[in-house]
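Listed below are the residues making up each chain.
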Amino acid sequence: MHNIHFIRENPVEFDNQLKKRGIKSFSETIIKIDEEKRKSQTSLQKLQEERNNVSKEIGLLKSKNQDSSELLKKVEKIKNDMQVLKELEDIKNDELNGILKNLPNLPSNDVPVGLDEKSNVEIKKWGSPPNFDFKPKNHYEIGENLGLMDFELASKLSGSRFVILRGMLSKLERALTQYMLDKHTTQNGYTEINTPVLVKEHTLYGTGQLPKFVDDLFTVGDDFWLIPTAEVTLTNIVRETIVNENLLPLRFTSNTQCFRSEAGAAGKDTRGMIRSHQFSKVELVSITKPEQSNDELERMLKSAESILQDLNIHYRIVTLSTGDMGFAANKTYDIEVWLPGENKYREISSCSNCGDFQSRRMNSRFKNTKENKTEYLHTLNGSGLAVGRTLISIMENYQNSDGSFNIPKVLIPYMNNIDKIH
RNA sequence: GGAGAGUUGGCUGAGCGGUUGAAAGCACUCGAUUUGAAAUCGAGCAAGGUGGCAACACCUUCCGGGGUUCGAAUCCCUGACUCUCCGCCA
């Protein structure tokens, strides 16, 4: 949610920044509605003041058993006038919020400008692609040939975009999750949290999935929604709270199942487990003071990278362009892992700084004791990492010509010391 | 699923139609005392908004929404959540 004061004072900048995301100018409309709202608000407040005063007088007269019928008539008229103004103010408020809640965050100034992923900028490569003396297979070929990955069976139970893992492959996914959580909690300073995956509507509003992205979400009777990412629950931990300054920054990590309808992705990545309705992800969330969030984004990115480095898998990092960023972000890095079977890079993590955008929606603040002010927190989130995609990157990068694949060194202890799946 | 109780400031918690935006305590900030600290004493301390150059004034907010009333934290309806007991159940 945007700060209306900022828009009032910097309408040109506001429009320019949104234009970078391909959004038309709104400041003029916003300011006009805001002025109308404030106008009726001010008049309404005058009447409220009058009513309060008259009511006090009435109370006084009544306590002395004196006649107050004159004042009662007066207050009745005030109340009628108030009602009109109140309705007007409500209408204007709804209009204003209707616009504001659907506008994405402003991009940070160091974000490359562009309309889509073509303008993303590669900023780093780590490691190098493995050399194979055979034609590397896709993860689903490997998995299906080994009899450990079953899409048909999954669809029998749940339709398309689900997968069933068996035996050692299922164990490998569990090992990966375990490894990631251990790493983040013991070395990267995150606190492990186990959250619900069903949430109420307001929770999804807080992080910005609602109201705009209803179609991407699954809902389950009685105002329950399935989370599309643990960002939702981890970030909403500070919803409606004033956090003690000394506790900042807060760093949370959680492994959850994530649920996405993939409504806009019909026909895309239908084969394999790149894009499922349900997948496991280890998420990282940081809650910081405003001046800390830029550094925290770099730190978070390093935490996510550390997993792929430990696994020794080639990846690159891109800064998302203004047109490719998510709704709540002001800056986003994607980590893209190398998939030899597809012969391309694929997103495996997305780390974003949301500034105070989500905080304003959630009303999450901290007390700045030095200046004796309450201020909005900054929130950040990143995958650390998407477990399913990490699993397939291991399969493809560690595959052997005979259809087997090796277990990365760091995971062997988590796999009862086996070093190969065949 | 049935019965009941609750939701008040950063926290604990009083208030149950009119000087209550809210007692008291804790926490926090400043000051006094002290060699320093603790203890003690004094003072301050909710948020959001509107108007104003400002000093400041005013409005709103006691879980959300609606209502009764001249006036609501307080009464009524409704929704969400929490707790207790019973039933059922992983």
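Residues numbered from 1 in each chain as written. Chains lettered and ligands numbered in written order. Predicted model: local features only at pLDDT ≥ 70, side-chain atom pairs only at ≥ 80, totals over all residues. Heavy atoms only, no water.

Colleague: So what about the side chain of Arg-275? Which residues, and what values?
Modeller: With respect to the helices and strands, Arg-275 occurs in the loop between β9 (250-259) and β10 (278-288). Here Glu-262 takes part through its side chain, which lies 3.4 Å from a polar atom of the side chain of Arg-275. Separated by 2.9 Å, the side chains of Arg-275 and Asp-269 make a polar contact. For Arg-275, the contacting residues outside a window of four places in its chain are Arg-161, Glu-262, Ala-265, Lys-268, Asp-269 and Arg-389. (Helix = DSSP H or I, 4+ residues; strand = E, 2+ residues; numbered from the N terminus. Polar contact = N/O pair within 3.5 Å; in protein donor to acceptor, adjacent residues only side chain to side chain. Contact = heavy atoms within 4.5 Å.)

Colleague: Please set out the pairing of strand β14 (residues 365-368) residue by residue, giving values where relevant.
Modeller: Successive residues of a regular strand alternate their side chains across the two faces of the sheet. Judged by which residues are buried, β14 turns out to be one-sided: Phe-366 and Asn-368 face inward and are buried, whereas Arg-365 and Lys-367, on the alternate face, are not. Note: strand β8 (residues 242-243) against β14, two bridges, orientation parallel. Of the residues in β14, the one forming a bridge with Ile-242 is Arg-365. In terms of strand pairing, β14 meets strand β15 (residues 373-376) through four bridges, oriented antiparallel. Of the residues in β15, the one forming a bridge with Phe-366 is Glu-375. The hairpin turn running from β14 into β15, its antiparallel successor, is four residues long, and Asn-372 in that turn takes a positive phi close to 50°. (Buried < 20%, exposed > 50% of the residue type's maximum accessible area, 1.4 Å probe, protein only. Pairing = 2+ DSSP bridges.)

Colleague: Summarise the sheet that holds strand β5 (residues 198-199); cite the residues concerned and give the values.
Modeller: The strand order across the open sheet formed by three strands is β5-β7-β6, and the pairing between neighbours is antiparallel. Looking at the sheet topology across the chains shown, the edges are occupied by β5 and β6 (219-220). Sheet topology places β6 next to strand β7 (residues 224-226); two bridges connect them, and they run antiparallel. Paired with Thr-219 across the bridge in β7 is Trp-225.

Colleague: Before we move on, can you summarise helix α3 (residues 27-63) with the specific residues and values?
Modeller: The end-to-end C-alpha separation of α3 is 52 Å, in line with the 54 Å expected for 37 residues at 1.5 Å each. If you check which residues of α3 are buried, you get Ser-27, Ile-30, Ile-33, Asp-34, Lys-37, Ser-40, Leu-44, Leu-47, Val-54, Ile-58 and Leu-61. Next to the buried residues of α3 lie α1 (4-9), α2 (11-19) and α4 (69-100). Of the residues one or two after α3, Asn-65 is the one with positive phi, at around 60°. (Expected span 1.5 Å × (residues − 1).)

Colleague: I'd love a proper account of helix α10 (residues 293-311), names of residues and values included.
Modeller: Between its first and last C-alpha, α10 extends 28 Å over 19 residues, near the 27 Å set by a 1.5 Å rise per residue. Among the residues making up α10, those that are buried are Ser-293, Glu-296, Leu-297, Met-300, Leu-301, Ser-303, Ala-304, Glu-305, Ser-306, Ile-307, Leu-308 and Leu-311. Phi turns positive one or two residues past the end of α10, at Asn-312, with a value near 60°.

Colleague: Explain the environment of Asp-34 to me, using residue names and the numbers behind them.
Modeller: If you trace the backbone, Asp-34 turns up in helix α3. Owing to a relative accessible area of 1%, Asp-34 belongs among the buried residues under this scheme. For the pair Asp-34 and Arg-239, spaced 205 residues apart in sequence, the C-alpha to C-alpha distance is 26 Å. The residues touching Asp-34, leaving out its near neighbours within four places in the chain, are Ile-4, Arg-8 and Leu-96.

Keep in mind these values describe shape, not function.
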